[in-house]
Amino acid sequence: MNQAGQTELSWRESFKIFVQPKVLAMLLLGFSAGLPILLIFSSLSLWLREAGVERDAVTFFSWAALGYSFKFVWAPLVDRLPIPLLTEWLGRRRAWLLLAQLLIIASIVAMAMVDPADTERLKWMALAAVALGFSSATQDIVIDAYRIEAAESRLQGMMSACYIAGYRVGMIVAGAGALFLASGFGSAVGAYDYAAWQMAYLIMAGVMGVGVMTTLMIKEVSLPQQARTSLRYHAELLLLFFFCVIAFVSVFFFGGEVATVWKQTLGDYTGHPYVMNFLVEVLLLTTAILAAWIVSRVGLRAGISDPVMVDETYIAPVKEFFQRHGVKTSLLLLALIGSYRISDIVLGVISNVFYQDMTFTKDEIAWAVKTFGVIMAVFGGFLGGLLSMRYGVIRMLLVGAILSAGTNLLFIGLASVGHNLDMLYLVIAADNLSAGLASAAFVAFLSSLTNISFTAMQYALFSSLMTLLPKLLGGYSGSIVSSIGYSQFFVVTALLGLPVIVLILMARKRLQIKEPVRESGN
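Residues numbered from 1 in each chain as written. Predicted model: local features only at pLDDT ≥ 70, side-chain atom pairs only at ≥ 80, totals over all residues. Heavy atoms only, no water.

> Lay out the overall build of the protein in plain terms, naming residues and giving numbers.
Within the protein, the regular secondary structure consists of 24 helices and zero strands. Taking contacts inside the protein between residues at least 6 apart in sequence as the whole, the part at least 24 apart equals 83%. Surface accessibility of the protein: about 24,200 Å² in total, with carbon and sulfur atoms responsible for 67%. (Helix = DSSP H or I, 4+ residues; strand = E, 2+ residues; numbered from the N terminus. Contact = heavy atoms within 4.5 Å. Areas by Shrake-Rupley, 256 points an atom, 1.4 Å probe, with all protein chains shown as cover.)

Below, the structure is given as structure tokens:
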């Protein structure tokens, strides 16, 4: 028995958790969360291509990704604002979840109603895709918060594993499923049929009914009571939020061309274009955040919203996190969150290009990566959740970090042998198994860091932070490969995981996390 009085679960007790209603519900909600994302990106790209539209010419579509990248900005509103009628009927979490799902369905239907071959109406599909991105990101915010609040900490590993498994299945249905449907209804490259794609997307909208039915069937979680505020205060807060979003987006919209010129100029002047590109992008993001902050301060001075309510909504969740852990430990945790997935994300950005360079065909890549790889990742996620319950989240967090970095070295072997299917499947199995295990442990770890009073805001901030640095670095993976080659690049991605291991050991010591221990009776 450990210091917390907890004992290690037996294998039988661990497996029983699989069939608990709240765990199965996370599998279905994960499916609902994974379905929309590919309808915005890969499936939509193929639809546009068959319709004769070059996606890079449709700049509006790239805005759909903003919802996923900056969902922490409006997550506090999900934590605090009630929805008229729905909140009284379903409760705070289920009301927001149902609203997000209905908006997702409406957005998918709106996309289906537009033929992209009609260039004059293409902007309406782009707007529907942006709406789908933001409504889907909102659903993610609510599901993450519900998962944390619906189960005690010892179940978070399995809740996370089921969510990840459902999410990947949803992606398969929206990716491969939508393509099979469109093809089956008669659309193909060179023989475009709008009605086929329309029917495929309408069916996907119907499949979202899985999430709606789950939302209506699950129980609302008990949350701390919040002080009641008038509708006027809520409306004022939303108005201030809207002005801040306009300021943030405007910097990216109007500063994009200037940033491109700076990248070229500074790259030529210094002789280090990759470094300058990274620094300019960081500067652009910082400027956008600063612009939103300035607008918020001006808005508060102008009396657009109540400063106390803004402080309770946005400042209090961050302040609570630092007060609970202390400044040094909080900064250590944020560094760990921001770097934990750096090894697999930086490599993952270039992985498909690598497979093609190794002369693997599209069919071979599809079967190995999109099918076998997903199965291994789902299995790894369940394994990570199961082991996290038995041996503790922090131990599996450490194991996941070691495996994620170590399996990157297997790619060196694949680069050496070239086109070898046996080696490809070995690498895919190891990489996806370790990624699934690490993801389940990491999500459970993030869940343990949140305060139930600010669940949506804190977790949304964590989940956005965990991909920010890896994605920024991953954008230059192609340039790095061109400079040093694949083998050395894979070594670099493995070495990126070493600081993560050190951070985990430091966090374990500072947090004094109590892991499960074995009792003689088990």
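On we go.
> Tell me about unusual backbone geometry, and please be specific about residues and values.
Only a minority of non-glycine residues have a phi that is not negative, and only a minority of peptide bonds are not trans. In this structure, Leu85 is a non-glycine residue whose phi angle is positive, near 70 degrees. Along the chain, Leu85 turns up in the loop between α5 (75-80) and α6 (86-90). Residue Leu85 is classed as exposed on the basis of its relative accessible area of 71%. (Buried < 20%, exposed > 50% of the residue type's maximum accessible area, 1.4 Å probe, protein only.)

> A description of the nonpolar core should follow, citing residues and the corresponding values.
By size, the foremost hydrophobic cluster in this structure holds 141 residues, and its most contacted members are Tyr201, Leu336, Tyr340, Tyr355, Leu397, Phe445 and Ile504. For this core, the leading source of residues is helix α8 (residues 122-150), giving 13 residues. Ignoring sequence-local partners within four residues, the contact set of Leu397 consists of Leu336, Tyr340, Ala441, Phe442, Phe445 and Ile504. (Core = buried A, V, L, I, M, F, W, Y, C linked by side-chain atoms within 4.5 Å.)

> Describe the packing of aromatic side chains, with residues and values.
Aromatic rings in a pair are described by how distant their centres are and how their planes are angled relative to each other. One pass over the full model with this rule turns up 15 aromatic pairs. When the ring of Trp47 is compared with that of Trp197, the centres are 5.6 Å apart and the planes differ by 5 degrees; the resulting orientation is stacked. One end of the pair, Trp47, is in helix α3 (residues 42-50); the other, Trp197, is in helix α10 (residues 194-207), and 150 residues separate them in sequence. Judged on exposure class, the residue Trp47 and its partner Trp197 are both buried. With centroids separated by 5.9 Å and ring planes inclined at 90 degrees, the aromatic side chains of Phe321 and Phe322 adopt a geometry described as edge-to-face. Residue Phe322 is classed as partly exposed on the basis of its relative accessible area, which comes to 24%. (Phe/Tyr/Trp six-rings, centres within 6.5 Å; stacked < 30°, edge-to-face > 60°.)

> Run through the environment of His419, naming residues and quoting values.
Turning to its location among the elements, His419 is positioned in the loop between α19 (410-417) and α20 (421-448). The sequence separation of His419 and Thr361 amounts to 58 residues, and the corresponding C-alpha distance is 9.6 Å. Apart from residues lying up to four places away in sequence, His419 is in contact with Met358, Thr359, Phe360 and Glu364. A polar contact of 3.0 Å, which involves the side chain of His419, links it to the side chain of Glu364. (Polar contact = N/O pair within 3.5 Å; in protein donor to acceptor, adjacent residues only side chain to side chain.)

> Hey, could you go over the side chain of Ser330 for me, with residue numbers and the actual values?
When you line up the elements, Ser330 lands in helix α15 (residues 327-339). Among the polar contacts made by the side chain of Ser330, one reaches the main-chain carbonyl oxygen of Phe321 at a distance of 3.4 Å. Apart from the residues within four sequence positions on either side, Ser330 is in contact with Phe321, Phe322 and His325.

> Describe helix α14 (residues 307-325), naming the residues involved and giving the relevant values.
Taking 1.5 Å of rise per residue, the 19 residues of α14 would be expected to cover 27 Å, and the 26 Å separating its terminal C-alpha atoms lies within 8% of that figure. At Ile315, α14 is bent by approximately 50 degrees, the largest bend along its length, and proline Pro317 sits one to four residues beyond. (Expected span 1.5 Å × (residues − 1). Bend = angle between axes of the 7 residues up to and from the residue.)

> Please set out the packing of helix α9 (residues 156-184) against α20 residue by residue, giving values where relevant.
For the pair α9 and α20, the least separation of the axes is 8 Å and the interaxial angle reads 125 degrees. When the axes of α9 and α20 are compared, the pair comes out oblique. Judged by the twist between their axes, the crossing of α9 over α20 is right-handed. Where α9 approaches α20, its residues Gln156, Gly157, Ser160, Ala161 and Ile164 are matched on the opposing element by Ser439, Ala440, Val443, Ala444 and Ser447. Of the residues belonging to the contact of α9 with α20, the class tally is five nonpolar, five polar and no charged. (Axes fitted to C-alpha atoms, helices over the stretch in contact; angles between N-to-C directions. Parallel < 35°, antiparallel > 145°, perpendicular 65-115°, else oblique. Left-handed = near helix turned anticlockwise from the far one by under 90°. Nonpolar A, V, L, I, M, F, W, Y, C, P; charged D, E, K, R; others polar.)

> Could you give an account of the side chain of Asp140, naming the residues involved and the relevant values?
Examined against the element boundaries, Asp140 turns out to sit in helix α8. Despite its burial, Asp140 pairs with no opposite charge, the nearest such side chain being Lys71 at 4.3 Å. Sequence-distant contacts of Asp140, that is, excluding residues within four places in its chain, are made with Ala33, Tyr68, Lys71, Tyr163 and Tyr167. (Lys, Arg positive; Asp, Glu negative; His and termini not counted. Salt bridge = Lys/Arg side-chain N within 4 Å of Asp/Glu carboxyl O.)

> Describe a nonpolar patch on the surface, with residues and values.
Taken together, the side chains of Val258, Val261, Trp262, Leu266 and Leu283 define a hydrophobic patch exposed on the protein surface, amounting to about 440 Å² of accessible area. Per-element tally for the nonpolar patch: the top contributor is helix α12 (residues 231-270), with four residues. Counting through the fold element by element, Leu283 comes out in helix α13 (residues 273-301). (Patch = residues over 30% accessible without salt bridge, like charges linked within 9 Å, V, L, I, M, F, W, Y side chains within 5 Å.)

> Pulling in residues and values, what's your account of the pattern of salt bridges?
Should their charged atoms come close, side chains of opposite charge can pair. Inspection of the entire model under this criterion finds five salt bridges. As a salt-bridge pair, Glu220 and Arg94 come within 4.0 Å of each other at their nearest N and O atoms. Within this pair, whereas Glu220 is found in the loop between α11 (209-217) and α12, its partner Arg94 is found in helix α7 (residues 92-112), the two being separated by 126 residues in sequence. Glu320 is the partner of Arg324 in a salt bridge, and the nearest nitrogen-oxygen pair spans 2.6 Å. Of this pair, Arg324 and Glu320 both sit in helix α14, separated by four residues, roughly a single helical turn.

> Could you give an account of the environment of Arg324, with specific residues and numbers?
Exposure remark for Arg324: the relative accessible area of 34% places this residue in the partly exposed category. Linking Arg324 and Asn451, residues 127 residues apart in sequence, is a C-alpha distance of 9.3 Å.

> Describe the packing of α14 against α15, with residues and values.
Interaxial distance between α14 and α15 falls to 6 Å at its minimum, and their mutual angle equals 115 degrees. By the angle between their axes, α14 is roughly perpendicular relative to α15. Between α14 and α15 the crossing geometry is right-handed. Contacts between α14 and α15 involve Phe321, Phe322 and His325 from the former and Val327, Thr329, Ser330, Leu331, Leu333 and Leu334 from the latter. Of the residues contributing to the contact of α14 with α15, the split by class is six nonpolar, three polar and no charged.

Interpretation in functional terms is not warranted from these geometric data alone.
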